[in-house]
Amino acid sequence: MTPFIAEIIGTALLILLGGGVVANVNLNKTIGQGSDWIVITTGWALAVFAGVVVAGPYSGAHLNPAVTIGLAVGGLFPWEDAPTYIAGEFIGAMLGASLVYLMYKDHFDATEDGGAKRAVFCTAPVIPNTFRNIISEVLGTFVLIICVFYFAEASFETEVGTTTKVGLGAIGAIPVSFIVWAIGLSLGGTTGYAINPARDLGPRIVHAILPIKGKIDSGWSYAWIPVVAPIIGAVLAAVLFLTLGK
């Protein structure tokens, strides 16, 4: 297991479970058909947990180019490692999206709504407005990255003036999962909270390639926003972190 492989597997798990919950809610004749936004946001939060649990010990579980770039701008991650991480994240996202299609193929075929099928792969604004759509993704990603910067490791005082850090293992994946859950519940209603260029663009490419029955276009006129805006949000969070310190 290398950081590159960890990012592939972790991001694939993220998209398999995250895209999977959208498929379960959106597609016809699934057991979860017609479930609400609470189910989708919870599924995505737990998808983050699964990806972080696997990748965390080996790569730090970025699973998101915005996280990688934000940490690099903030001086907490070496720039020379960023291309490898980002490549792994995109490969993993495309792999995860392909697995969702493989599993739900019969339900894709049974669904006539092309928009519902595309939503399994990528995001789209409910009300198209370029400026506010960008703001939505910038703010959502800013919240994610600034929280990542200020996560504190568990520790206890063993004697006066001496602090010992405690490894939390898999439990350490819970905080970021809760942050993603909160972002989805509070800020995800406008654009679907991509907050991750790989999570959106990778599966969008897969949607364009796969022979999905009755699919509509892959929404390329909007596709740049969930790539560029999360990076802007990550950089802004990093600048604030550098300004305030820890």
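Everything numeric in this text was worked out from a predicted model, so none of it was measured.

Enquirer: Looking at this structure, I do not really get the packing of aromatic side chains. What am I missing?
Expert: The relation between two aromatic rings is expressed through the spacing of the ring centres and the mutual angle of the planes. For the coordinates displayed, the defined rule picks out 7 aromatic pairs. Pairing Tyr-101 with Phe-108 gives two aromatic rings, centres 5.3 Å apart and planes at 55°, and the pair type is tilted. Judged by relative accessible area, which is 8%, Tyr-101 ranks as buried. Classification of Phe-108 by relative accessible area gives buried; the value is 0%. Put simply, the rings of Tyr-101, Phe-108 and Phe-121 touch in pairs and so form one group of aromatic residues.

Enquirer: Whenever I open this one, the nonpolar core confuses me. Can you help?
Expert: For soluble globular proteins, the rule of thumb is that nonpolar side chains tend to be buried together. By size, the foremost hydrophobic cluster in this structure holds 51 residues, and its most contacted members are Trp-44, Phe-108, Val-120, Phe-121 and Leu-144. Of all the elements in the fold, those that place two or more residues in this core are helix H1 (3-26), helix H2 (37-59), helix H3 (65-73), helix H4 (82-109), helix H6 (130-149), helix H7 (174-187), helix H8 (197-209) and helix H9 (225-244). No other element matches the 8 residues that H4 contributes to this core. Excluding anything up to four places from it in sequence, Phe-121 contacts Ala-97, Tyr-101, Phe-108, Arg-199, Asp-200, Pro-203, Arg-204, Val-206, His-207, Leu-210 and Ile-212.

Enquirer: When you look at the packing of H6 against H9 in this model, what are you seeing that I'm missing?
Expert: A pair of packed helices is characterised by two quantities: the angle between their axes and the separation of those axes. Contact geometry of H6 with H9 gives a least axis separation of 7 Å together with a crossing angle of 45°. With respect to H9, the element H6 is oriented oblique. Relative to H9, H6 is oriented so that their crossing is right-handed. Of H9, the residues touching H6 (which contributes Thr-130, Asn-133, Ile-134, Glu-137, Val-138, Thr-141, Phe-142, Ile-145, Ile-146 and Phe-149) are Ile-225, Ala-229, Pro-230, Ile-232, Gly-233, Ala-234, Leu-236, Ala-237, Ala-238, Leu-240 and Phe-241.

What counts, and where the lines are drawn
- Residues numbered from 1 in each chain as written.
- Predicted model: local features only at pLDDT ≥ 70, side-chain atom pairs only at ≥ 80, totals over all residues.
- Heavy atoms only, no water.
- Phe/Tyr/Trp six-rings, centres within 6.5 Å; stacked < 30°, edge-to-face > 60°.
- Buried < 20%, exposed > 50% of the residue type's maximum accessible area, 1.4 Å probe, protein only.
- Core = buried A, V, L, I, M, F, W, Y, C linked by side-chain atoms within 4.5 Å.
- Helix = DSSP H or I, 4+ residues; strand = E, 2+ residues; numbered from the N terminus.
- Contact = heavy atoms within 4.5 Å.
- Axes fitted to C-alpha atoms, helices over the stretch in contact; angles between N-to-C directions.
- Parallel < 35°, antiparallel > 145°, perpendicular 65-115°, else oblique.
- Left-handed = near helix turned anticlockwise from the far one by under 90°.

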